[in-house]
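# Fold and geometry: a report
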Amino acid sequence: MLRRFVQVGARELRRTQSTSASAEKWDLYAGVLVERLPVISKALNPLEKQFQDLLWRVEFENSLKSDHEIKHERETVQAELIKKGKMHVDLEDSGAKQTAQDLKDAYIEELKKFQLGDRTTADDTANKTSSTDRCLEETLYLLVQQQLGQQQHLILPQGKRQEGETMRQTAERVLREQCGQELQVLFYGNAPVGFHKYKYPSNQRKESVGAKVFFYRASLRSGQVAEKPSKFEWLPKEALNGKLSNAAYAESVNKFLL
């Protein structure tokens, strides 16, 4: 009998908790992961460089001769015949003619003037995190400073959904409001790529108990963030976790970082 009372009591407790949970109201938010994709390819490590050299040697050994190489060989044979007196040449025509060797010499001189661009920029040296002209080999992610409760936090741009909006429309509006009109991005789709939820402090709960944030991914096309946010940073993945102060939030974001 006692066991039956315990089972009935536990069932009623679960039913009460389920009813109270279903009655909870949550605010819907849209967040945007804006990424600046790599501008240049990553530098090769020693093993990759060794493999690349091997592929170049194989390609060189198996490749056919180009028209320039065939012309150069033909002109070399003609020059030897002329030296031996076995072939006559018109001096007027030969003076106006550009040989393959002349072209090769010109190419070599032009190559000597060529210099590879620097893989680092002035903003790299200055560690200017508000600039996208840095960390050219890596993907940079945008964080903006927003107020959550009584404190300021560096997070992905996010804002509350308004009545009548789809979540994608909310994400687009939030990005305009947080970052200005100059920032041009391309959204990857209408479906969110990530999710995070958190509860408000007890003394701040009015109509809702917390917020559910649906994240969308977008890539930077042009422009820059307006000076409207008090602070914003473009950070690589390795530096992102150090700026996200909330561990649960950082864990949710890391789930959809590439």
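Now for a look at the structure at hand. The model shown is predicted, which means the values in this text are computed figures rather than measured ones. (Residues numbered from 1 in each chain as written. Predicted model: local features only at pLDDT ≥ 70, side-chain atom pairs only at ≥ 80, totals over all residues. Heavy atoms only, no water.)

## As for the layout of surface pockets
Let me state the cut-off plainly: Of the grid points, spaced at 1 Å and generated over the protein atoms alone, those admitting a 1.4 Å probe that cannot get out make up cavities, while open sets with protein on both sides within 12 Å along at least five of seven lines make up pockets; any residue with an atom within 4 Å of a point is treated as lining. Grid points are joined across faces, edges and corners, and a volume is the space filled by probe spheres set on the points. Strands here are runs of E lasting at least two residues and helices are runs of H or I lasting at least four, both read from the DSSP assignment and numbered beginning at the N terminus. Each residue gets one label: Ala, Val, Leu, Ile, Met, Phe, Trp, Tyr, Cys and Pro are nonpolar, Asp, Glu, Lys and Arg are charged, and the others, such as Gly, are polar.
Size it by volume and the largest pocket reaches roughly 490 Å³. Around the largest pocket sit 19 residues that line it, and L148, G149, H153, Y198 and Y200 are the ones nearest its centre. Counting residues per element, the ones that place at least two in the lining of the largest pocket are β1 (26–36), β3 (151–155), β6 (194–199) and α9 (247–254). Residue classes in the lining of the largest pocket are distributed as 10 nonpolar, 7 polar and 2 charged.

## Overview of the packing of aromatic side chains
Think of a pair of aromatic rings as described by two things: how far the centres are apart, and how the planes are tilted against each other in angle. Keep this limit in mind: Only centres within 6.5 Å qualify two rings of Phe, Tyr or Trp (six-membered ring in Trp) as a pair; their planes then separate them into stacked at under 30 degrees, edge-to-face at over 60, and tilted for everything else. Three labels apply to residues, based on accessible area from a 1.4 Å probe with only protein chains included: buried if under 20% of the type maximum, exposed if over 50%, partly exposed otherwise in between.
Within this structure, the stated rule accounts for 4 aromatic pairs. Relative to Y200, the ring of Y198 has its centre 6.2 Å away and its plane inclined at 70°; by these criteria the two rings are edge-to-face. Here F215 and Y249 contribute two aromatic rings whose centre-to-centre distance is 6.0 Å and whose plane-to-plane angle is 70°, an arrangement assigned as edge-to-face. Of this pair, F215 sits in strand β7 (residues 210–222) while Y249 sits in helix α9, and the two are 34 residues apart along the sequence. Look at Y249 and you get buried, because its relative accessible area is 6%.

## Comments concerning the environment of L154
Along the chain, the position of L154 falls in strand β3. Since its relative accessible area comes to 11%, L154 is described here as buried.

## As for the pairing of strand β8 (residues 232–236)
Across the 5 residues of β8, 5 count as buried, placing the element largely inside the fold. Because side chains alternate across β8, one face comprises the buried residues F232, W234 and P236, and the other comprises E233 and L235, equally buried.

## Brief notes about the pattern of salt bridges
Just so we agree on the cut-off: By definition, a salt bridge exists where a carboxyl oxygen of Asp or Glu is found within 4 Å of a side-chain nitrogen of Lys or Arg.
Applying the stated criterion to the full structure yields 13 salt bridges. A salt bridge links D27 to K160; the nearest nitrogen and oxygen atoms lie 3.6 Å apart. You can see D27 sitting in strand β1 and its partner K160 sitting in strand β4 (residues 158–160), a full 133 residues away along the chain. The class for D27 is buried, based on a relative accessible area of 11%. The shortest N-O distance in the salt bridge between R173 and E177 comes to 3.2 Å. Taken together, the residues R173 and E177, both in helix α7 (residues 167–179) and 4 residues apart, mark about one turn of the helix. Owing to a relative accessible area of 39%, E177 belongs among the partly exposed residues under this scheme.

## Thoughts on unusual backbone geometry
Backbone geometry places N127, a non-glycine residue, at a positive phi of 50°. Mapped onto the fold, N127 is located in the loop between α6 (122–126) and β2 (140–148). Phi angles above zero are rare outside glycine, and C135 is one such case at about 45°. Tracing the chain through its elements places C135 in the loop between α6 and β2. We classify C135 as buried; its relative accessible area is 14%.

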